[in-house]
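A structural walkthrough
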Amino acid sequence: MRKIILAGNWKMHKNQAESLDFVQAFKPEISNTDETREIVFCVPFTSLTIMSKNLHGSKIRLGAQNIHWADEGAYTGEISGSMLTEIGVNYVVVGHSERRQYFGETDKTVNLRLKAAQKYGIIPILCVGETKAQRDAEETESIIINQLQQDLVDVDQSSLVIAYEPIWAIGSGDTCESKEANRVIGVIRQQLDNKNVTIQYGGSVKPNNIDEIMAQPEIDGVLVGGASLDPSNFARIVNYQ
């Protein structure tokens with residue numbers, strides 16, 4: 001059975017006070033949300049502790065935005081699995097295109113981070129996707145299949161979420177057509193040993209397109225950027241019809 005997971009990736013937004021304000025405004029909006037829908041906030045490291053305390057006992061799960069593959073060591077600016085589990089982190093974003101583009105993330109390091117998350121009982125959300133140039137060159141499938149082949153070596157597919165995020169759609173306002181997103185996610189599923197892996201769509205997800213996106217048979221949720229920063233907008237996404 002594929003789980004529906006609706007995750008907000010706050011990226012580098014919100015200090016602790018702003019995070020707390022968000023939670024207090026958001027919780028009443030999901031009092032009647034279907035219990036089968038998993039809600040996840042992937043917040044900055046500085047907000048993890050206060051979020052963990054204020055989400056305790058709620059239907060919302062806590063996510064981080066990065067994890068290092070080593071248990072500890074001289075890795076300035078990184079964070080380990082034990083540090084995240086101590087706070088109560090359930091999910092972690094791995095391989096986001098911004099990490100790949102701006103911080104030198106490779107498929108090799110993505111693979112190491114995925115395995116580190118699973119070692120500590122944290123479910124990784126693996127991001128894959130193509131650039132505009134790659135799509136225009138009709139390389140979408142080959143790029144994504146290559147990413148999956150490298151990223152998923154020795155990764156347990158029973159504890160995994162995948163997010164298809166076409167890079168050209170992230171923060172651009174250009175959403176991949178829902179039927180095309182559904183088609184690509186179908187291609188991703190064909191590459192997996194476990195066909196029940198939750199596969200999300202991400203890239204300019206908004207309240208006005210969530211219903212159409214979630215009506216697609218292959219799409220099991222969304223990874224939301226900008227629209228997850230506003231409690232009402234994200235509540236509308238979580239409460240899609």
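Here the structure is shown first, and the text comes after it.
Let me sum up the structure you'll find in this document.

Now for the overall build of the protein chain. The helix and strand inventory of the protein chain stands at ten helices and eight strands. Relative to its length of 241 residues, the protein chain is compact, with a C-alpha radius of gyration of 17 Å against a globular reference of 18 Å. Principal-axis analysis of the C-alpha atoms gives the protein chain an extent of 45 × 45 × 35 Å. For the protein chain, restricting intrachain contacts to residue pairs at least 6 apart in sequence, the fraction spanning at least 24 positions comes to 71%. Approximately 11,000 Å² of the protein chain is accessible, and the part contributed by carbon and sulfur atoms is 48%. Each charge sign in the protein chain was given a centre, from 23 positive and 31 negative side chains, and these centres are 3 Å apart.

Before going further, it helps to spend a moment on the nonpolar core. Counting 60 residues, the largest nonpolar core has F26, F41, I162 and Y201 as the members making the most contacts within it. Ignoring anything within four residues of it in the chain, the contact list for F41 reads G8, W10, F22, V23, F26, M51, L55, I60, R61, L62, G63 and F234.

Before going further, it helps to spend a moment on the packing of aromatic side chains. The tally for this structure, following the rule as stated, stands at nine aromatic pairs. Seen in terms of ring centroids, F22 and F26 are 5.6 Å apart; in terms of plane orientation they differ by 20°. Their pairing is stacked. With F22 and F26 both in helix α1 (residues 16-26), this residue pair falls four residues apart, about one helical turn. For the residue pair F22 and F26, the accessibility class agrees, reading buried in each case. Through a chain of ring-to-ring contacts, three or more aromatic side chains come together here, namely W10, F22, F26, F41 and F234. The side chain of K14 reaches across the aromatic face of W10, ending 5.5 Å from its centre. In this structure, R37 is placed above the aromatic ring of Y240, and the distance from its NZ or CZ to the ring centre is 3.6 Å.

Before going further, it helps to examine the pairing of strand β2 (residues 37-42). Taking burial as the measure, the six residues of β2 include six buried ones, the bulk of the element. Burial along β2 is two-sided: the residues R37, I39 and F41 and E38, V40 and C42 are all buried. Looking at chain direction, strand β1 (residues 4-9) and β2 are connected through six bridges and run parallel. Looking across to β2, one finds that I5 is bridged to E38. Handedness of the crossover joining β1 and β2 through α1 is recorded here as right-handed. Where β2 lies against strand β3 (residues 60-64), four bridges are found, and the strand directions are parallel. By the bridge assignment for β3, V40 is matched with R61. In this view, the connection linking β2 to its parallel neighbour β3 by way of helix α2 (residues 48-55) has right-handed handedness.

Thresholds applied
- Residues numbered from 1 in each chain as written.
- Predicted model: local features only at pLDDT ≥ 70, side-chain atom pairs only at ≥ 80, totals over all residues.
- Heavy atoms only, no water.
- Helix = DSSP H or I, 4+ residues; strand = E, 2+ residues; numbered from the N terminus.
- Rg over C-alpha atoms; globule rule 2.2 N^0.38 Å.
- Contact = heavy atoms within 4.5 Å.
- Areas by Shrake-Rupley, 256 points an atom, 1.4 Å probe, with all protein chains shown as cover.
- Lys, Arg positive; Asp, Glu negative; His and termini not counted.
- Charge placed at Lys NZ, Arg CZ, Asp CG, Glu CD.
- Core = buried A, V, L, I, M, F, W, Y, C linked by side-chain atoms within 4.5 Å.
- Buried < 20%, exposed > 50% of the residue type's maximum accessible area, 1.4 Å probe, protein only.
- Phe/Tyr/Trp six-rings, centres within 6.5 Å; stacked < 30°, edge-to-face > 60°.
- Lys NZ or Arg CZ within 6 Å of the ring centre and 35° of its normal.
- Pairing = 2+ DSSP bridges.
- Right-handed = clockwise from strand over helix to strand, strands pointing away.

This is a description of form; function is not addressed.
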